[in-house]
Amino acid sequence: MPEAALNLRSALRKSPDTILIMGGILVIFLTLVVPLPAFLMDVLLVINMTAAFMLLLSTVFLSDPLGLSTFPSMLLVLTFYRLTLNVATTRLILSSASSSTAKAGMMIQAFGNIVAGRDEVVGMVIFIILIVIQFVVITKGATRISEVAARFTLDAMPGKQMSIDADLNSGLISEDNARTRRRRLEKEADFYGAMDGASKWVRGDAIAGLIITLVNIVGGFVIGMLKQGLTPAEAIATYTRLTVGDGLVSQVPALVISVAAGLIITRSAGEDNLGKQVISEVFTGWRPIGAAGVILAVLGFIVFPPVQTLPAAGALLALAWFLRKQEMLGIRDMAEDAAKKAKPEGPEPVDHLLRVDQVELEIGYGLIPLVDPKQGGELLERIGAMRRQTASELGLVIPPVRIRDNLALSPQQYSISIRGERVASGEVRTGKLMAMDTGAASGPLAGAETAREPAFGTPAFWVSPEERDRAVATGYLVVDPTTVIATHLSEMLKKNASDLLTRDETSRLLDKLKETSPRLVEDTLKVLSVGQVQEVLRRLLAEGVSIRNLELILEAVAGVAARTTDIEILNEYARNALARTISRSLASSDGRLYVITLDTRLEDLVRGAIERTDAGSQIGLRPEQMKQVADALRRAAENAAGRGHVPVFIASSPVRPHLA
């Protein structure tokens, strides 16, 4: 026990705010069971009113609902506090006499006199109207909003979790960012779930307020006549006025807290608070304000009293005129700034015209929505993820892709250029989906526009989003236009990766490797120049071999380079060192490598036609022989692909480069 008490004192010493919360809850329970004087009750009622308005203003100044994640707990505590005050004030009201209504407290008496005055019926009607507004409109609406928000938040959690996992797998976010987003997602679910339950308390509080009011009136009438000797009229007048005052003192904070609950649930996350968002969204356009002023002016001349209506209409029209003037000034300033920027201060520089972009994607104007994030375009994100994936697969950092519109292209057309030369082009259909036949389709899609997938040349159809399910059921692979363009660009970059490996990029790769293997890089550069290393790596990329394991490649060629610097020989040694990597990349899904061997006569024919020159070896077959060899290789590759295998040819080292 002493040790437990010591731990409690230590925890309280470290968290003084916990002491404050515990003390507040203890006071609430004491208020429930201990009779309190009228002065102290007035203080507690003022605290209740102040806390309600503080909570309302906190929701107004919030920029994110999760910034007040303790709102459900505060809602429960304040509701319990208000019900406790109702019990305490009921004790004061029923114990007060007609000659001393001040025993019920100044707050209750003041509210009763202000609202009811000398007419208790008017006060009761106003109180009932307030209860109806509280229960039927605000509380019921906040409860319904809480239920819908909680349900939609929970329903959206799996999709949001999958989105976070997809962004993490594609490299768009880091582990820390993913962890932060998951934690926020959990907080959202907990918050809206708690608000759904807490809103039921608010609704029950409204019902309890109505019942307590009836108890106060009936109980006061009985006590006033039997114990205090009041006439029925005096008992009704005294206790009705006090009951109305008590109901208003408790229901006004309840109404304020209900409004705060509705505000925080309906708020969407943003950078500004509610006031700034309303002003920026409602009072920025002059047209709706001017139209409202004109309508109000017309109604003032026809229906409404003009003395009260026309000044309001004039104020709206004046505000609309002021906003339009500000808009025109802003447009003029923007035009002047644009003219200043467009006006050359000296000779127009032309150096930028000489620069050639490494990778360029030109699109027709109809494809601009695919690129613009404001219109929901995802192409920029896809290209970023594709660059990271290509760097991981090939070991080469793809240069940034420049995207620009080209009016010379048709609206749905795009073209891909590498180092200033167009290497591919294609067309997509915005608003439609491409259904590709990967070999599993049971038949053509009737009525759909025929097409051909640009990256691999497979037959395809353009279908509407409504026909997606039918295409999938038929066995087609369905993708959107963004995926078609990104896949085509990815394949073109892989196919032309050797052209993207510049001398500077090779030096950067060597410098990066030098940080972990300095001796290997130094020994290699003693026998080979950066240009020769670049040529070896470019040949590997041209043959579809990854250079990610640069350390293994340099170890293979560094020793051989002391005897020969023939690029073809160095390339073969590098391929031998990467044999496992190459075989693994070509293996089928079952882990086996299905190969096609060449006839010895074909190898002898090709080997005998190889001619070595200063520029390297070349094959000297006649055109008709070259065509026969190419046709035979193509038939063998198609036969292997038809069986579901990757076409892999086995050839000797001298022959392989000329058949690749």
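Note that the coordinates shown come from a computational prediction; the quantities given were computed from them, not determined experimentally. (Residues numbered from 1 in each chain as written. Predicted model: local features only at pLDDT ≥ 70, side-chain atom pairs only at ≥ 80, totals over all residues. Heavy atoms only, no water.)

Asks: Which residues make up the side chain of Thr482, and what values do they have?
Replies: Looking at where Thr482 falls in the secondary structure, it is placed in helix 15 (residues 481-495). The exposure class assigned to Thr482 is buried, which follows from its relative accessible area of 7%. When sequence neighbours within four positions are dropped, the list of residues in contact with Thr482 reads Leu370, Glu378, Leu379 and Arg382. (Helix = DSSP H or I, 4+ residues; strand = E, 2+ residues; numbered from the N terminus. Buried < 20%, exposed > 50% of the residue type's maximum accessible area, 1.4 Å probe, protein only. Contact = heavy atoms within 4.5 Å.)

Asks: Any chance you could break down the layout of surface pockets for me, citing the residues and the numbers?
Replies: The computed volume of the largest pocket comes to approximately 1600 Å³. In terms of lining residues, the largest pocket is bounded by 44 residues, among which Glu543, Arg575, Leu586, Pro647 and Val648 are the most central. Only helix 13 (379-394), helix 15, helix 21 (567-577), helix 22 (579-586), helix 24 (623-642), strand 12 (649-650) and helix 25 (656-659) provide two or more residues apiece to the lining of the largest pocket. For the lining of the largest pocket, the class distribution of residues is 23 nonpolar, 12 polar and nine charged. Taken as a whole, the second largest pocket encloses approximately 630 Å³ of empty space. Around the second largest pocket, the lining comprises 18 residues; the ones closest to its centre are Ile21, Gly24, Ala51, Val77 and Leu78. Its residues placed into classes, the lining of the second largest pocket shows 14 nonpolar, four polar and no charged. (1 Å grid on protein atoms, 1.4 Å probe; cavity = no way out; pocket = protein on both sides within 12 Å on 5 of 7 lines; lining within 4 Å. Points joined across faces, edges and corners; volume = space filled by probe spheres on them. Nonpolar A, V, L, I, M, F, W, Y, C, P; charged D, E, K, R; others polar.)

Asks: I'd love a proper account of the confidence of the model for the protein, names of residues and values included.
Replies: Of all residues in the protein, 80% attain a pLDDT of 70 or more, and the chain-wide mean is 76. Of all secondary-structure elements in the protein, the lowest mean pLDDT belongs to helix 1 (residues 2-14), at 54, while strand 3 (residues 413-418) reaches the highest, 91. Low pLDDT (under 50) marks residues 97-101, which in the prediction has seven contacts with non-local residues, meaning those over four places away or in another chain. (pLDDT = per-residue confidence, 0-100.)

Asks: I'd love a proper account of the environment of Thr506, names of residues and values included.
Replies: You can see Thr506 is positioned in helix 17 (residues 503-514). Judged by its relative accessible area of 0%, Thr506 falls in the buried class. Separated by 31 residues in sequence, Thr506 and Leu537 have C-alpha atoms that sit 8.6 Å apart. Filtering out sequence-adjacent residues up to four positions away, Thr506 remains in contact with Leu501, Val530, Val533, Gln534 and Leu537. Of note is the side chain of Thr506, whose polar atom sits 2.9 Å from the backbone oxygen of Thr502. (Polar contact = N/O pair within 3.5 Å; in protein donor to acceptor, adjacent residues only side chain to side chain.)

Asks: I'd like a rundown of helix 3 (residues 38-60), residues and numbers included.
Replies: With 23 residues, helix 3 should reach 33 Å at 1.5 Å per residue; the first-to-last C-alpha distance of 33 Å fits that figure. Inspection of helix 3 places Ala38, Met41, Asp42, Leu44, Leu45, Asn48, Met49, Ala52, Leu55, Leu56 and Thr59 among the buried residues, and these make up the whole buried set. (Expected span 1.5 Å × (residues − 1).)

Asks: Before we move on, could you go through a nonpolar patch on the surface and cite the residues and values that matter?
Replies: A cluster of nonpolar residues, Val294, Val298, Phe301, Ile302, Val303, Phe304 and Leu317, forms a patch on the protein surface that exposes about 700 Å² of accessible area. Examining the composition of the nonpolar patch, we find that four residues originate from one element, helix 10 (residues 286-302), more than from any other. Residue placement: Val298 occurs in helix 10. (Patch = residues over 30% accessible without salt bridge, like charges linked within 9 Å, V, L, I, M, F, W, Y side chains within 5 Å. Areas by Shrake-Rupley, 256 points an atom, 1.4 Å probe, with all protein chains shown as cover. Salt bridge = Lys/Arg side-chain N within 4 Å of Asp/Glu carboxyl O.)

Asks: If you had to explain the sheet that holds strand 6 (residues 449-452) to someone new, which residues and values would you point to?
Replies: Read across the open sheet, the four strands follow the order 6-7-5-8; overall the sheet is antiparallel. Strand pairing shows two members of the sheet lacking a second neighbour, strand 6 and strand 8 (477-479), which therefore form its edges. Taken over all neighbouring pairs, the strand axes of this sheet differ in orientation by 35° on average, direction set aside. In the sheet, strand 5 (residues 433-436) pairs with strand 7 (residues 459-463) via four bridges, with the strands oriented antiparallel. In the strand pairing of strand 7, Met434 is matched with Trp462. (Pairing = 2+ DSSP bridges. Axes fitted to C-alpha atoms, helices over the stretch in contact; angles between N-to-C directions.)

Asks: So what's going on with the side chain of Asn406? Residues and values would help.
Replies: Note on placement: Asn406 falls in the loop between strand 2 (401-405) and strand 3. Not counting the four nearest positions on each side in its chain, Asn406 is found in contact with Glu362, Ile363 and Gly364.

Asks: Account for the pattern of salt bridges, with residues named and values stated.
Replies: Summed over the entire model, instances satisfying the criterion amount to 18 salt bridges. Across the pair Arg429 and Glu427 runs a salt bridge whose closest N-O atoms are separated by 3.3 Å. The closest approach of N and O atoms between Asp631 and Arg634, which form a salt bridge, is 2.9 Å. Of this pair, Asp631 and Arg634 are both found in helix 24, three residues apart, which corresponds to roughly one turn of the helix. Accessibility expressed as a relative area gives 43% for Arg634, which makes it partly exposed. Through salt bridges that share partners, Glu360, Glu362, Arg404 and Arg422 make up one connected network.

Asks: Which residues make up unusual backbone geometry, and what are the values?
Replies: Non-glycine residue Arg419 carries a positive phi angle of around 55°. Note on placement: Arg419 falls in the loop between strand 3 and strand 4 (421-427).

Asks: Break down the packing of helix 20 (residues 550-561) against helix 21 for me, with residues and values.
Replies: Relative orientation of the contacting elements helix 20 and helix 21 amounts to 140°, with a least axis distance of 8 Å. It follows from the interaxial angle that helix 20 and helix 21 lie oblique. Crossing geometry of helix 20 relative to helix 21 is assigned as right-handed. Together, Leu552, Ile553, Ala556, Val557, Val560 and Ala561 of helix 20 and Ile569, Leu570, Tyr573, Ala574 and Ala577 of helix 21 make up the contact between the two elements. Residues that form the contact of helix 20 with helix 21 fall into these classes: 11 nonpolar, no polar and no charged. (Parallel < 35°, antiparallel > 145°, perpendicular 65-115°, else oblique. Left-handed = near helix turned anticlockwise from the far one by under 90°.)

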